Amino acid sequence: MSVTKQTVLETLRSIKGPDFEGDIVSLGLVSEIFVADGKVFFSITVPAERAQQLEPLRAAAERAVKAMPGVTGAVVALTAERKGGGMERAPAPRPAAQPQRSAPAPQGAPAGRQPGKREVPGIGAIIAVASGKGGVGKSTTAVNLALALKAAGKRVGLLDADIYGPSMPRLLGISGKPETIDGKILKPMEKYGLKVMSIGFLVEEETPMIWRGPMVVSALTQMLREVAWGELDILVVDMPPGTGDAQLTMAQQVPLAGAVIVSTPQDLALIDARKGLNMFRRVDVPVLGIVENMSYFIAPDTGKRYDIFGHGGAEAEAGRLGVPFLGAVPLEMAIRETSDAGTPVVASDPQGAHAEKYRAIAEAALAGLSAETPSAPDIVYD
Ligand SMILES: Nc1ncnc2c1ncn2[C@@H]1O[C@H](COP(=O)(O)OP(=O)(O)OP(=O)(O)O)[C@@H](O)[C@H]1O
Ligand SMILES: [Mg+2]
């Protein structure tokens, strides 16, 4: 049976609405449905304040579609209700026309170097790739950004700080365990010219979460400081999702020179991106900019462009928040499939259009970094 919009709609009629009344199709909550190559994409509209509570609804819809014969994958996103055509927004946490910090940097402290944080010897700059929300493509962005920085001639390391759901072993197709030097310091793994460390190299995937919990911060510190990174220009850190205490602690533990925020264009993801941004501002880490991932979709058969997830949202949000917009990456099967295969697109197709996008993002991030870490006079913001 071939998958069509109609058959997908029929299947979605089995999914009850938010309050168990009607179904999501009759309630008019389902966006345009796009089907390509057995893969299905659409979004479901929900009230912004109920997004978290309605995650099971999204998951149920995705499961139902994935179970259809002929469907090989599905991307289902929640999006917030639009009122009067505008974007529904959470109360703005702060008016932010200019890049600003919650606390002025102390006199004489260069931007991006927080006092009291120990630098990591040999590493020029550490940048975090973060988001408020899970599944928006942080790890995908982190790995391709690292490869693009490498292509720009930098010496690059990649630290997977996602203790709960490490992805670098899979994204880079690395197996095996790191060697130790003198039984103490770990040698990072290497792939595509990157030095890589991940908790995934050290503990089995089945290791219970409760056991990993308490070791989160110490594991991170160890992966940062007890690894023979050697001389690096840049260490890219793939952060775990969220803006809770654990993430805040990480942002404080690591001497970050800057942060790159990844968001999808949907308004709900943007609310979370804003939380992520505020978290870094709170700990005085400069935000280098926002990347809009899964920005738009190019149909592989017709080359036609679809803006099913609301392309442009992140760029507008970056403008509102006064941070640079680093670039947009389309929702593209090649990006997903190369990641799953351990051959990220910047390494496997360095001349391709996607690699070019990531290189432009890398250039923009580097420009932000050199503006934030001037080698000559100190810039004092207040
Ligand atoms: N631009 C893209 N086009 C197509 N698929 C993408 C794109 N970016 C990411 N993906 C896919 O989306 C999924 C989530 O991406 P990824 O793991 O990078 O997100 P994440 O934000 O790191 O998630 P988590 O919060 O779980 O750490 C993956 O299957 C990935 O291959
Ligand atoms: Mg991840």
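Residues numbered from 1 in each chain as written. Chains lettered and ligands numbered in written order. Predicted model: local features only at pLDDT ≥ 70, side-chain atom pairs only at ≥ 80, totals over all residues.

1. Re the overall build of the chain
We apply this condition: Strands are runs of DSSP state E lasting at least two residues, helices are runs of H or I lasting at least four, and both sets are numbered from the N terminus onward. Placing a C-beta atom from the backbone of each residue, one calls two residues in contact when those atoms lie within 7 Å.
Across its full length, the chain holds 12 helices and 14 strands. In the chain, the share of contacts with a sequence separation of at least 24, taken over all contacts with a separation of at least 6, comes to 78%.

2. Things to note about the nonpolar core
Here is the rule we go by: Buried Ala, Val, Leu, Ile, Met, Phe, Trp, Tyr and Cys residues form a nonpolar core when they are connected through C-beta atoms within 7 Å. Partly exposed residues are those whose C-beta has more than 12 but fewer than 20 other C-beta atoms within 10 Å; with 20 or more the residue is buried, with 12 or fewer it is exposed, and the C-beta atoms are placed from the backbone. For each domain, the first and last residues come from an automatic or database assignment.
Of all hydrophobic cores here, the largest spans 110 residues; its most connected members are Ile127, Leu145, Val236, Val237, Ala259 and Val260. With eight residues, the single largest contributor to this core is helix H8 (residues 267-282). Counting the residues that make up this core, at least three belong to each of domain 1 (5-80) and domain 2 (123-372). Apart from the residues lying within four places of it in its own chain, the contact partners of Ile127 are Ile234, Val236, Val237, Leu256, Ala257, Gly258, Ala259, Val260, Leu288, Ala365 and Leu369.

3. Section: the packing of helix H3 (residues 138-151) against helix H12 (residues 353-372)
How we decide: Only the stretch in contact is used when a helix axis is fitted, and all axes are lines through C-alpha atoms; the angle between N-to-C directions ranges over 0 to 180 degrees. Any angle from 65 to 115 degrees is called roughly perpendicular, while one under 35 is roughly parallel, one over 145 is roughly antiparallel, and all others are oblique. All residues other than Ala, Val, Leu, Ile, Met, Phe, Trp, Tyr, Cys, Pro, Asp, Glu, Lys and Arg, Gly among them, are scored as polar; the first ten of these are nonpolar and the last four charged.
Contact pair H3 / H12: the axes reach a minimum separation of 8 Å and the direction vectors enclose 75 degrees. As far as their axial angle goes, H12 and H3 are roughly perpendicular. From H3, Asn144, Leu145, Ala148, Leu149 and Ala151 reach across to H12, where they touch Tyr358, Arg359, Ile361, Ala362 and Ala365. Classifying every residue of the contact of H3 with H12 gives eight nonpolar, one polar and one charged.

4. Describing the UniProt feature "binding site: ATP" (unreviewed entry) in the chain
Applicable threshold: UniProt positions are given in the numbering used here, feature names are shortened, and annotations may be inferred rather than shown by experiment.
The UniProt record annotates "binding site: ATP" (unreviewed entry) at Gly132, Lys133, Gly134, Gly135, Val136, Gly137, Lys138 and Ser139. The residues contacting Lys133, other than those within four sequence positions of it, are Pro241, Ala269 and Asp272. By the element assignment, Lys138 lies in helix H3. For Lys138, a count of 27 C-beta atoms within 10 Å puts it in the buried group. Contact partners of Lys138, with chain neighbours within four places excluded, come to Val129, Ala130, Ser131, Asp238, Met239, Pro241 and Val262.

5. Side note on the environment of Leu186
As for its position among the elements, Leu186 is in strand E7 (residues 185-186). For Leu186, a count of 19 C-beta atoms within 10 Å translates into the label partly exposed. Through-space distance from the C-alpha of Leu186 to that of Val227 is 4.7 Å; in sequence the pair is 41 residues apart. Contacts of Leu186, omitting those with residues within four sequence positions, involve Pro178, Thr180, Glu226, Val227 and Ala228.

6. Points about the pairing of strand E3 (residues 73-80)
Look at any regular strand and the pattern is simple: side chains alternate between the two faces of the sheet. We apply this condition: A crossover counts as right-handed when, viewed with the strands pointing away from the observer, the path leading from the first strand over the helix to the second turns clockwise.
Here E3 lies mainly inside the structure; seven of its eight residues are buried. In this region the chain leaves strand E2 (residues 39-46), passes through helix H2 (residues 55-66) and returns to the parallel neighbour E3; the handedness of that crossover is right-handed.

7. Digging into the site of ligand 1
What counts is decided by this rule: Note on definitions: a residue is near a molecule or strand provided its C-beta atom, placed from the backbone, lies within 6 Å of it.
Taken together, 20 residues form the shell around ligand 1, and within it Gly134, Gly137, Lys138, Ser139 and Thr140 come nearest. Contributions of two or more residues to the shell around ligand 1 are made by H3, strand E12 (287-298), strand E14 (325-331) and helix H10 (333-340). Across the shell around ligand 1, the residue classes tally to six nonpolar, 10 polar and four charged.

8. Describing the packing of helix H1 (residues 5-12) against H2
Convention followed: Throughout, a crossing is termed right-handed when the near helix is turned clockwise from the far one, and left-handed when it is turned anticlockwise from it by less than a right angle.
At a minimum axis separation of 9 Å, H1 and H2 run at an interaxial angle of 130 degrees. Here H1 lies oblique to H2, going by the angle between them. As H1 runs across H2, the sense of the crossing is right-handed. The segment H1 lies against H2, with Val8, Thr11 and Leu12 engaging Ala61, Ala64 and Val65. Among the residues forming the contact of H1 with H2, the class breakdown is five nonpolar, one polar and no charged.

9. With respect to the environment of Met168
Summarising the element assignment, Met168 is placed in helix H4 (residues 168-171). Residues Met168 and Val196 lie 28 residues apart in sequence; the distance between their C-alpha atoms is 7.9 Å. Residues in contact with Met168, not counting those within four places in the same chain, are Val143, Leu158, Asp160, Ile174, Val196, Ser198, Gly200 and Asp238.

10. Thoughts on the pairing of E2
Let me state the cut-off plainly: Two strands make a pair as long as DSSP finds a minimum of two bridges between them.
Across the eight residues of E2, six count as buried, placing the element largely inside the fold. Hairpin geometry of strand E1 (residues 34-36) and E2 is characterised by an intervening segment of two residues between the two adjacent antiparallel strands and by a positive phi of about 60 degrees at Asp37. With eight bridges connecting them, E2 and E3 associate as parallel partners. Across the sheet, Ser43 pairs through a bridge with Ala77, a residue of E3.

11. Side note on the environment of Leu321
Within the secondary structure, Leu321 sits in helix H9 (residues 313-321). Taking the number of C-beta atoms within 10 Å as the measure of exposure, Leu321 has 25 and is therefore buried. Separated by 47 residues in sequence, Leu321 and Arg274 place their C-alpha atoms 8.2 Å apart.

12. Quick notes on the confidence of the model for the chain
For clarity, the threshold we go by: Each residue carries a pLDDT score, the predictor's confidence in it, ranging from 0 to 100.
Summarising the model, the chain shows a mean pLDDT of 82, and 83% of its residues fall at 70 or more. Low pLDDT (under 50) marks residues 82-113, which in the prediction has 47 contacts with non-local residues, meaning those over four places away or in another chain. Low pLDDT, under 50, characterises residues 210-214; the stretch is placed with three contacts to residues that sit more than four places away or in other chains.

13. Let's talk about the sheet that holds E2
Pairing within the open sheet is mixed, and its three strands lie in the order E1-E2-E3. What marks the edges here is a single partner per strand, and that holds for E1 and E3. Sheet twist, expressed as the average angle between the axes of neighbouring strands with direction ignored, equals 15 degrees.

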